[in-house]
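Tertiary structure, described
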Amino acid sequence: MRQSSRLPAFLPALAPAALLATMIVSLSACGAKAEDKQMPPPVVGVIIARTETVPLETELSGRTEASLVAEVRPQVSGIVLDRLFAEGSRVRAGQPLYQIDSRLYAASAAQARAALATAEATVEANRLKAERYRLLAAEGGVSKQDAADALATYNQSRAQVAASRAALQSSQVNLGFTRVTSPITGQIGRSSVTKGALVTASQADPLAKVQQLDPMFVNIQQSSNDFMSLRRSLQKGSLAPVGSIPVRIVLADGSAYPVEGRLNFADVDVAEGSGTVTLRATVPNPQGLLLPGLFVKARLAQASVPGGILIPQQAVTRTPRGDASVLLVNGKGEIEPRPVTADTAIGDKWLVTSGLKAGDKVVVDGLLKAKPGAKVKAVLATTPSASVAR
């Protein structure tokens, strides 16, 4: 028998279904390609770079010191009869602090007063005698030598009056020194003597110490290398000097002191042991929160960078060698990498001194979607850092 060449009866029935499936797959692939072509560009957040004068802030260690310090010492010797102040209180200039036994000095003053009265009585008698001898010498009644001697005696008595008057003033000054007063207005510490103690005019130990705490000095230590580098930069003109330099104080517990101070001067000497230069700031202390001898940190801006640009730190990427770069959105709406110089961190931002210009659009959000050369849609960033940078 001959084998039949006819196809099974069910195959013609399957042909239209296969053709339909093939058409559906083809249309699906075309639709996917069309959708890929119509996808919008990724959105990235940018900030607009702008130039500004950026102060260079430095944080240095320092120590507080009273603006005025007076050590109270006796200027006469004697027994302390009474202490006239409360330890730790505020005293005024001229306020009595101690009373020293004054009887001996009062007697000396009375004696000097009597000596002055005697000298004044003697000078009057000698004046009358010298006048009488002058007239007699003119008439030949006495010799000219006697008249000259009488005049000399009169002049000597006048000098004695002046000496007695000076002695009286000295004794009165010593009498006044028996009441020891405060030389300045300020806070007084503890007393080193008590009632009944013997004090002397030449003693080394002070009776007490008075300190003026408002304003307060803050002595700041800066490396001489940093100080000299700063001076060279100022002379070259790469940095601009700050006129009245503000100083902010940070206490040992990390809290910020609420009142801002001002930098006064820089010492001309470099400490041999530490190689540092001392800077001094004056800080108002109306509430007495700062005490002498506290260790603090001082934040100050000694110079500024004209034409600097601040950008958030997340916008800067670095190579293993430390080279910095940022991504920009150029005029064509494409991502463009740009090398920059960003060596100084200021808070949460980098200070860019070269590589950027005012008006550049710097990418700060959506960095993972920003590929060099890719088309993107740039919108102003809304992150806190970016809003500060804008």
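All values derive from a computational prediction rather than experimental measurement. (Residues numbered from 1 in each chain as written. Predicted model: local features only at pLDDT ≥ 70, side-chain atom pairs only at ≥ 80, totals over all residues. Heavy atoms only, no water.)

Quick word on the overall build of the protein chain
- Counting its regular elements, the protein chain contains 5 helices and 20 strands.
- Looking at the protein chain as a whole, 32% of its 390 residues are labelled buried.
- Put simply, of all contacts in the protein chain between residues at least 6 apart along the chain, 77% involve residues at least 24 apart.
- Element-wise, carbon and sulfur atoms account for 56% of the exposed surface of the protein chain, whose accessible area totals about 23600 Å². (Helix = DSSP H or I, 4+ residues; strand = E, 2+ residues; numbered from the N terminus. Buried < 20%, exposed > 50% of the residue type's maximum accessible area, 1.4 Å probe, protein only. Contact = heavy atoms within 4.5 Å. Areas by Shrake-Rupley, 256 points an atom, 1.4 Å probe, with all protein chains shown as cover.)

Focus: the environment of I48
- By the secondary structure assignment, I48 is in strand 1 (residues 43–48).
- On the basis of relative accessible area, I48 is assigned to the partly exposed category, the value being 34%.
- When the C-alpha atoms of I48 and K361 are compared, they prove to be 4.9 Å apart, with 313 residues separating the residues in sequence.
- Beyond its immediate sequence surroundings of up to four residues, I48 is in contact with G359, D360, K361 and L380.

A few points about the nonpolar core
- Within the largest apolar cluster, 20 residues are counted, with the highest numbers of intra-cluster contacts made by V218, I220, V247, I249, L263, L279 and L300.
- Those elements giving two or more residues to this core turn out to be strand 2 (52–72), strand 9 (208–223), strand 11 (246–250), strand 13 (276–283) and strand 14 (295–312).
- Not counting the four nearest positions on each side in its chain, V247 is found in contact with E260, G261, R262, L263, A281, A298, R299 and L300.
- In this structure, V72, V76, Y105 and V180 belong to the second largest nonpolar core, which totals 18 residues. (Core = buried A, V, L, I, M, F, W, Y, C linked by side-chain atoms within 4.5 Å.)

So, the confidence of the model for the protein chain
- In this model, the protein chain carries a mean pLDDT of 82, and residues with pLDDT of at least 70 account for 84%.
- Mean pLDDT across the elements of the protein chain ranges from a minimum in helix 5 (residues 384–389), with 42, to a maximum in strand 5 (residues 96–100), with 95.
- Taken together, the stretch residues 1–15 has pLDDT below 50 and engages in 0 contacts with residues farther than four places along the chain or on a different chain.
- Confidence drops under a pLDDT of 50 for residues 384–390, and excluding neighbours within four residues, the segment shows 18 contacts in the predicted structure. (pLDDT = per-residue confidence, 0-100.)

Some details on the sheet that holds strand 5
- Read from one edge of the open sheet, 4 strands run 6-5-3-8, paired in antiparallel fashion. Each of the sheet's edge strands pairs with one partner strand only, and the pair in question is strand 6 (179–181) and strand 8 (198–199).
- Note: strand 5 against strand 6, 3 bridges, orientation antiparallel. The partner of Y98 across the bridge, within strand 6, is V180. (Pairing = 2+ DSSP bridges.)

Side note on the pattern of salt bridges
- The full count for this structure, using the stated rule, is 13 salt bridges.
- Note that R262 and E260 form a salt bridge whose closest N and O atoms lie 3.0 Å from each other.
- The class of R262 is partly exposed, set by a relative accessible area of 35%.
- The closest approach of N and O atoms between K357 and D360, which form a salt bridge, is 3.2 Å.
- We classify D360 as buried; its relative accessible area is 9%.
- Here the residues in one salt-bridge network are E336, R338, K357 and D360, joined through shared partners. (Salt bridge = Lys/Arg side-chain N within 4 Å of Asp/Glu carboxyl O.)

Regarding the packing of aromatic side chains
- By the definition in use, this model includes 1 aromatic pair.
- Geometrically, the ring pair formed by F85 and Y98 is edge-to-face, given 5.5 Å between the ring centres and 80° between the ring planes. Highlighted residues: F85 in the loop between strand 3 (78–83) and strand 4 (90–91) and Y98 in strand 5, separated in sequence by 13 residues.
- Positioned over the ring face of W350 is R318, at 4.5 Å from the centre of the ring. (Phe/Tyr/Trp six-rings, centres within 6.5 Å; stacked < 30°, edge-to-face > 60°. Lys NZ or Arg CZ within 6 Å of the ring centre and 35° of its normal.)

What about the side chain of S171?
- With respect to the secondary-structure elements, S171 resides in helix 3 (residues 144–177).
- S171 gets classed as buried once you look at its relative accessible area, which sits at 8%.
- At 2.7 Å, the side chain of S171 forms a polar contact with the backbone oxygen of L168.
- Every residue in contact with S171, bar those within four places of it in the chain, is listed here: Y105, S108, A109 and A112. (Polar contact = N/O pair within 3.5 Å; in protein donor to acceptor, adjacent residues only side chain to side chain.)

Considering the packing of helix 2 (residues 103–139) against helix 3
- Look at helix 2 against helix 3: their axes get within 7 Å of each other, and the N-to-C directions meet at 165°. By the angle class used here, helix 2 and helix 3 are roughly antiparallel. Where helix 2 crosses over helix 3, the two elements pack in a sense that is left-handed.
- Among the residues forming the contact of helix 2 with helix 3, the class breakdown is 19 nonpolar, 10 polar and 9 charged. (Axes fitted to C-alpha atoms, helices over the stretch in contact; angles between N-to-C directions. Parallel < 35°, antiparallel > 145°, perpendicular 65-115°, else oblique. Left-handed = near helix turned anticlockwise from the far one by under 90°. Nonpolar A, V, L, I, M, F, W, Y, C, P; charged D, E, K, R; others polar.)

Focus on helix 3
- An ideal rise of 1.5 Å per residue puts 50 Å on 34 residues; helix 3 measures up with 50 Å between its terminal C-alpha atoms.
- Among all positions in helix 3, only A147, A150, Y154, S157, V161, S164, L168 and S171 are buried.
- Tucked inside the fold, the buried residues of helix 3 contact helix 2. (Expected span 1.5 Å × (residues − 1).)

Focus: a nonpolar patch on the surface
- A cluster of nonpolar side chains, contributed by I79, L81 and L198, occupies part of the molecular surface with about 270 Å² of accessible area.
- Along the chain, L81 turns up in strand 3. (Patch = residues over 30% accessible without salt bridge, like charges linked within 9 Å, V, L, I, M, F, W, Y side chains within 5 Å.)

Regarding the environment of T185
- For T185, the position within the fold is in the loop between strand 6 and strand 7 (186–188).
- Once the C-alpha coordinates of T185 and A93 are considered, the two residues, 92 residues apart in sequence, prove to be 4.6 Å apart.
- If we ignore the near neighbours within four places in the chain, the residues touching T185 are R90, V91, R92, A93, V210 and Q212.
- Separated by 2.9 Å, the side chain of T185 and the backbone nitrogen of A93 make a polar contact.

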